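Here is how the chains run, residue by residue.
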Amino acid sequence: MWKQIEGSRAIAETVAMCRPQVICAYPITPQTHIVEALGELVKSGQLAGCEFLNVESEFGALSVAIGASAAGARSYTATASQGLLFMAEAVYNASGLGLPIVMTIGNRAIGAPINIWNDHSDSMSMRDSGWIQLFAETNQEAVDLHIQAFRLAEELSCPVMVCVDGFILTHAYDRIDVPLQHQVDGWLPRFEPTQVLDPDAPVSIGAMVGPEAFTEVRYLAHNKQLRALERIPEISGEFYETFGRESGGLLRPYRLDGAETVVVALGSVNGTIQEAVDELRQDGIAIGSISICSYRPFPLDAVRRALSDARRVVVVEKSLAVGLGGMLATDIQMALSGRRHKVYTVIAGLGGRAITKASLLKLFHQAKSDALEGVTFLDLNWGVINRQLARETATRRSGPAAESILKDLATLPTKIV
Amino acid sequence: MLSIAAFLEGRYAQAFPSFGSERMGAPVMAFCRISDRPIRLREPVTNPDALIIQDPTLLQQVSLFEGLQPDGFVLINSARSLEELNLASFLKNLPRNHTLAVPATELAMRHVGRPLPNSTLLGGFAAMTGELRLASVLAAIRQKFSGKIGESNAAAAQAAYDLVTQCMPIPPLDSLTRRTREEAHVEAD
Amino acid sequence: MPFEHIKFYQTGTFTVGNRLLDVSDRAVQSDARRSNALNCGHRACQGCGEALGARYAVDAAVRAAGGNLVAVNATGCLEVFSTPYPETSWQVAWMHSLFGNAAAVAAGVAAAMKAQGRNEVRVIAQGGDGGTADIGLGCLSGMFERNDDVLYICYDNEAYMNTGVQRSGTTPAAARTATTPSVGSKPGNVFGQGKSVPLIAMAHMIPYVATASVANLHDLEYKVEKAIAIHGARYIHVHVPCPLGWGSEPHDTIKVARLAVESGLFPLFEAEFGEVTERSIIRRKQPAEEYLKLQKRFAHLFRPKRDEERLAAIQSIADRNIQRFGLQNGASS
């Protein structure tokens, strides 16, 4: 049913329709609206047969989900940023044990400095934990991916993170087709666990595994993600058959025909990128873009094929491998190994800095003339950087860097954030 | 509510706040894009077609008007006139009847009993720009607020609409031109 | 080991193995049909108090739950010695997640059972003192505060034994551990630190809190069975000597545990909703020294010379417990 609705609210209503049995919530911006809405749905009785626990920390949240999932219940939680790090031990535990938990990440920057706005550093920190990571480009896709996530997770016995840009998507009101209960019921089967804590058929879950078998257990996890590469596009197709929408899959190409320059990105920035691509195409520039949905498992073959005719690739990412460059860019380069593409890494949107169409147009012009550095920080304020470096060189006790920079910025005219 | 009103007219809309930590009394900006095609852009509105200023004390910040389109609209919540607000000269380059001060807080007090001018201003906006039909705005208000609160807010919006229509002898711009319209409005909690 | 004259206790005594008692007085362990939840073949040390306590506690829990039990275990000795890959000694549905989250995982299991309408299934969480008092305290407190339907059993051997005997939040004053070594002017653990998790549990006003010891296994079984019948958050803190970590003889485990109880250093009591309701009266009060003397972790209090000041300080801790919990006259103060 079409609604003009806040992204978080749409996600909550959809998760509820997946009939989770245990939901645990610990507040952290920007996922709070999701779990609050779910709490309301449980308390009002609209979501029946579900236990909603207010936990004492994110570590507690995922731990509750672990116990619930192991006991045979469909389980869900949500977090972001610092919260994801706080539950890091449990994140690895959940995937190591093969528990099909679905978790929404309202993508938010990790501090210090503390920052509540959007970037991808949080889910990036867990990219090799063994969880499947799906990125939503729009709020519609965010809604659809949650339904697909439960099916994917339970089929493979592998937990899934659905990554939704904090504020940009979670707090935006959009025109969204929220599915109906009977549609979801018809598409998402009951949870049939591969392992379960049941007094009638006791098993021990969570054994210690030594050198003689650890590698094999880990290979099986790796193998699971390789199988996911097959299932993800299939599930997307099965979703299309029932719901009539393209959603999910490994990646989505945009105007790649004859594109010499291809821009690659994760999440909501793809919308702005597509607008920029359209404008440049109107000016006769051969440019296209790829929106990657399945970040883990990373679709090496699909990326390689999609980029085969490109001459250069511009990776616009909201993450920074400190001291190195990009994270998504590194994975793209791995996909392109042996090929002669130029790959430009553009670090953009960190800590919620807006990525504007205007900036992107300028950037893509530079890219097409190969006038870009290997690694570029989009819209970096060099004046601020140089003044701070000068301060640090001049005095030992130069004080907290972030404070000095903010003080510096305060003398500049206010801008719309 | 703006986005809901647009939705009810079968249009696409995207609405989002400029995000900050939840804090009472802090200045807040919110943005809305309305279009007849799906909206893919995800960035703050920097060149608004319309500006709704809910808290006139924020007028101290000159950069409020930065980026406003040359034929943009400005709607200010104030019982004082533009001259009294020292804005007449500042906004003189905008087309006639594109700038207006409306006593939305006072209207809200009268109809709703609370100094919350949000809905009221939307009625004024509909009248001034013709971008949305009043009926859509009222329906959006009633969807957001139920029962008596919805009715009283709708009444306030209606009052603002009537007031603005009276002030403007020339009918508002017809929004039959199909292009994305962007609005920003500034408010304080 | 020197020859010891073995005493047989016969009819009328409450030895746990005694099958000659009236049925209602027999221990669960004396029942041939006990679940053997923690089966033999595990890798615990000789004389391990924790293995002893866990065996009694979990079999009692299984019986009280009519076989419908799920156990969640924190990382620690119990988990490690009971599940050496590829074997497990557990004959109940059992899960190990992490070190600090047993209470939260158990809360999740309980919620799942409730959501699935399996109201007959009871959930226990188990952890050592490290996983309960220190790293697990956040999750434990959360479970208490929500009144989740979990019985948490802590096996307290007063240090991180599995990793080589490091000090924990329940390590007693003056005890030697690897991180409170018996060197310097004040050898062993300092005074004035440490937490009482039973008192913390009571502060959460949960339906049932109890302390127990392997010195009185009937009492341990009784408390576990009582707890299983209650719904909501429950906590049992079991004192379990660790011969290796404490430097006591493996065959002295029960004797050492009994001295801890009879000196007052480990009070046995029950509490409901934050108020002490029952306590075990000490019949023959023992000097704290008798308890300390049997453990090498306190050896520095006696050799090269007696540390009268600190021995007296430990005695006053024991005396204070006796007074506070009314262990001699039956009334708390």
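Calculation rules
Residues numbered from 1 in each chain as written. Chains lettered and ligands numbered in written order. Predicted model: local features only at pLDDT ≥ 70, side-chain atom pairs only at ≥ 80, totals over all residues. Pairing = 2+ DSSP bridges. Helix = DSSP H or I, 4+ residues; strand = E, 2+ residues; numbered from the N terminus. Contact = placed C-beta atoms within 7 Å. Nonpolar A, V, L, I, M, F, W, Y, C, P; charged D, E, K, R; others polar. Expected span 1.5 Å × (residues − 1). Buried ≥ 20, exposed ≤ 12 C-beta atoms within 10 Å, placed from the backbone. Right-handed = clockwise from strand over helix to strand, strands pointing away. Axes fitted to C-alpha atoms, helices over the stretch in contact; angles between N-to-C directions.

1. Let's talk about the sheet that holds strand E2 (residues 93-96) of chain C
Strand order across the open sheet formed by 9 strands is E9(A)-E2(C)-E1(C)-E3(C)-E4(C)-E6(C)-E5(C)-E7(C)-E8(C), with mixed pairing between neighbours. Every interior strand has two partners, whereas the edge strands, strand E9 (204-205) of chain A together with strand E8 (275-279) of chain C, have only one. Sheet topology note: the strand E7 (residues 269-272) of chain C/E8(C) ladder contains 4 bridges and is antiparallel. Note on E8(C): the bridge partner recorded for Phe269(C) is Arg279(C).

2. As for the interface of chain A and chain C
Contacts between the two partners involve 38 residues from chain A and, on the opposite side, 38 residues from chain C. At the level of elements, strand E3 (51-54), helix H3 (58-70), helix H5 (88-97) and E9 of chain A are the ones that each hand at least two residues to the side of chain A that touches chain C. Broken down by element, the side of chain A that touches chain C gets its largest block of residues, 9 residues, from H3(A). Looking at the side of chain A that touches chain C, its residues break down into 22 nonpolar, 12 polar and 4 charged. Looking at chain direction, E9(A) and E2(C) are connected through 2 bridges and run parallel. Each residue of the ladder has a partner; that of Ser204(A), found in E2(C), is Trp94(C).

3. Structural notes on helix H7 (residues 139-156) of chain A
Residues and elements named next belong to chain A. Relative to the 26 Å expected for 18 residues at 1.5 Å per residue, H7 spans 25 Å between its end C-alpha atoms, a close match to the ideal helical length. With 16 of 18 residues buried, H7 is to be regarded as a mostly interior element. At the C-terminal side of H7, serine 157 shows a positive phi close to 55°.

4. Quick notes on the arrangement of the chains
With 2 pairs of chains in contact overall, the contact-richest pair is chains A and C. A gap remains between chain B and chain C, which never touch, and the nearest two C-alpha atoms on either side lie 26 Å apart.

5. Comments concerning the pairing of strand E6 (residues 132-135) of chain A
All names here are of chain A. Every second residue of E6 is oriented toward a common face, with Ile132 and Leu134 on one face and Gln133 and Phe135 on the other, all of them buried. Between E6 and its parallel partner strand E7 (residues 160-165), the chain crosses via H7, and the hand of that crossover is right-handed. Summarising the sheet, E6 and strand E13 (residues 294-296) pair through 2 bridges and their orientation is antiparallel. Bridge assignment links glutamine 133 to a residue of E13, and that residue is arginine 296.

6. Quick word on the interface of chain B and chain A
Contacts between chain B and chain A engage 20 residues on the former and 24 residues on the latter. When contributions to the side of chain B that touches chain A are tallied by element, the ones reaching two or more residues are helix H1 (2-8) and strand E1 (12-17) of chain B. Sort the elements by how many residues they give to the side of chain B that touches chain A and E1(B) lands first, with 6 residues.

7. Quick look at the sheet that holds strand E15 (residues 342-347) of chain A
Residues and elements named next belong to chain A. Taken together, the 6 strands give an open sheet; going across it, the order is E10-E12-E11-E14-E15-E16, and neighbouring strands pair in mixed fashion. Bordering the open sheet on either side are strand E10 (251-254) and strand E16 (375-377), each of which pairs with just one other strand. The average undirected angle you get between the axes of adjacent strands in this sheet is 20°. Pairing of E15 with E16 involves 3 bridges; the strand directions are parallel. Within E16, the residue paired with valine 346 across the bridge is threonine 376. This element, helix H10 (residues 269-282), spans E10, strand E11 (261-266), strand E12 (287-292) and strand E14 (312-317) of the sheet and lies at about 165° to E12. Across the sheet, helix H13 (residues 357-368) touches E11, E12, E14 and E15, and the angle it forms with E11 is around 135°.

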